[in-house]
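Structural overview for review
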Amino acid sequence: METYTLLRAFADSWWLAVMMAFFIAVSLYALRPGSRRVHKAISEIPLRDDLPPDERAAAAWQAAGQAPQAPRARKARPMEAPNVEG
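Residues numbered from 1 in each chain as written. Predicted model: local features only at pLDDT ≥ 70, side-chain atom pairs only at ≥ 80, totals over all residues. Heavy atoms only, no water.

**Here's the deal with the overall build of the protein chain**
- When you go through the protein chain residue by residue, the secondary structure sums to three helices and zero strands.
- Sequence-ordered secondary structure for the protein chain, helices as α and strands as β, is α-α-α.
- Residues classed as buried in the protein chain amount to 3% of the 86 residues present.
- As presented, the protein chain carries roughly 8800 Å² of accessible surface, and 63% of it is formed by carbon and sulfur atoms. (Helix = DSSP H or I, 4+ residues; strand = E, 2+ residues; numbered from the N terminus. Buried < 20%, exposed > 50% of the residue type's maximum accessible area, 1.4 Å probe, protein only. Areas by Shrake-Rupley, 256 points an atom, 1.4 Å probe, with all protein chains shown as cover.)

As structure tokens, this is what we get:
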């Protein structure tokens with residue numbers, strides 16, 4: 001049997017079943033119950049720029065199902081005197 005004929009027979013008989021099983025597996029993975037929060041967060045990506053920065057951060061934390069964290073305090077550095085040569 002030639003290579004072409006063998007591959008053609010395989011494609012006609014089994015390849016459709018393999019592709020259908022792959023499609024069903026991917027569909028079930030995407031629609032599983034635990035992925036609702038992830039899909040909701042992903043669907044809101046285009047709308048994030050419409051919110052002010054504070055609300056955007058709060059919405060991201062809420063979509064992730066976590067509590068927002070307080071911002072860290074920065075250490076103040078003393079100002080240096082300008083170098084003036086005269």
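**Some remarks on the pattern of salt bridges**
- Taken as a whole and assessed by the stated rule, the structure comprises two salt bridges.
- The salt bridge partner of R8 is D12, with a shortest N-O separation of 3.3 Å. You can see R8 and its partner D12 sitting in helix α1 (residues 3-30), four residues apart, about one turn around the helix.
- Measuring nitrogen to oxygen at the nearest pair gives 3.2 Å for the salt bridge that ties E44 to K40.
- Among the residues examined, E44 registers a relative accessible area of 26% and is labelled partly exposed. (Salt bridge = Lys/Arg side-chain N within 4 Å of Asp/Glu carboxyl O.)

**Describing the packing of aromatic side chains**
- With the rule as written, the count across this model stands at one aromatic pair.
- Note that R32 overlies the ring of Y29, its terminal NZ or CZ placed 4.3 Å from the centroid. (Phe/Tyr/Trp six-rings, centres within 6.5 Å; stacked < 30°, edge-to-face > 60°. Lys NZ or Arg CZ within 6 Å of the ring centre and 35° of its normal.)

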